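Residues per chain are reported as follows:
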Amino acid sequence: MTPLTWDNLYTEHADAYELLVSHEDYQNNLVAAIERLQPLAGTVAAEFGCGTGRLTGLIRPRVKRVHAFDFTESMLRVAQDKQRRLGWANV
């Protein structure tokens, strides 16, 4: 595996990226901030640039369905593994 750089973080180190972003919202403010802009209850959401699915997982319990997209295959692979492992049926 190549050394971690900003140039290859998304393409070659998706697992390291997941670990990094999993601690971003440690105070659990992100979903409340989103809901101040757009209530989520019962909606169908689209997330473009979903990365490893961190935000997808946060909004998933509040929405009817989430369609999550990303350009980077390695990031989507981590998100899909998380979806299967955690049983996210509405993603």
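From a predicted model like this one, the values you see are computed outputs, not experimental measurements. (Residues numbered from 1 in each chain as written. Predicted model: local features only at pLDDT ≥ 70, side-chain atom pairs only at ≥ 80, totals over all residues. Heavy atoms only, no water.)

A.B. asks: What am I meant to see in the packing of aromatic side chains here?
C.D. replies: Each aromatic ring pair is characterised by the separation of its centres together with the angle its planes make. Scanning the entire structure with this criterion turns up one aromatic pair. Where phenylalanine 48 meets phenylalanine 69, the ring centres are 5.1 Å apart and the plane angle is 10°; that geometry is what we call stacked. Taken together, the residues span a long stretch of sequence, with phenylalanine 48 in strand β1 (residues 44–48) and phenylalanine 69 in strand β2 (residues 65–69) at a distance of 21 residues. Owing to a relative accessible area of 66%, phenylalanine 48 belongs among the exposed residues under this scheme. Taking the relative accessible area as the measure of exposure, phenylalanine 69 reaches 40% and is therefore partly exposed. (Phe/Tyr/Trp six-rings, centres within 6.5 Å; stacked < 30°, edge-to-face > 60°. Helix = DSSP H or I, 4+ residues; strand = E, 2+ residues; numbered from the N terminus. Buried < 20%, exposed > 50% of the residue type's maximum accessible area, 1.4 Å probe, protein only.)

A.B. asks: Please explain the side chain of asparagine 90 as it appears in this structure.
C.D. replies: Structurally, the position occupied by asparagine 90 is in the segment after α5 (73–86). According to the relative accessible area criterion, asparagine 90 is buried, its value standing at 14%. Only 3.0 Å separates the side chain of asparagine 90 from the backbone oxygen of arginine 60, close enough to count as a polar contact. (Polar contact = N/O pair within 3.5 Å; in protein donor to acceptor, adjacent residues only side chain to side chain.)

Bear in mind that shape data such as this cannot, by itself, settle questions of function.
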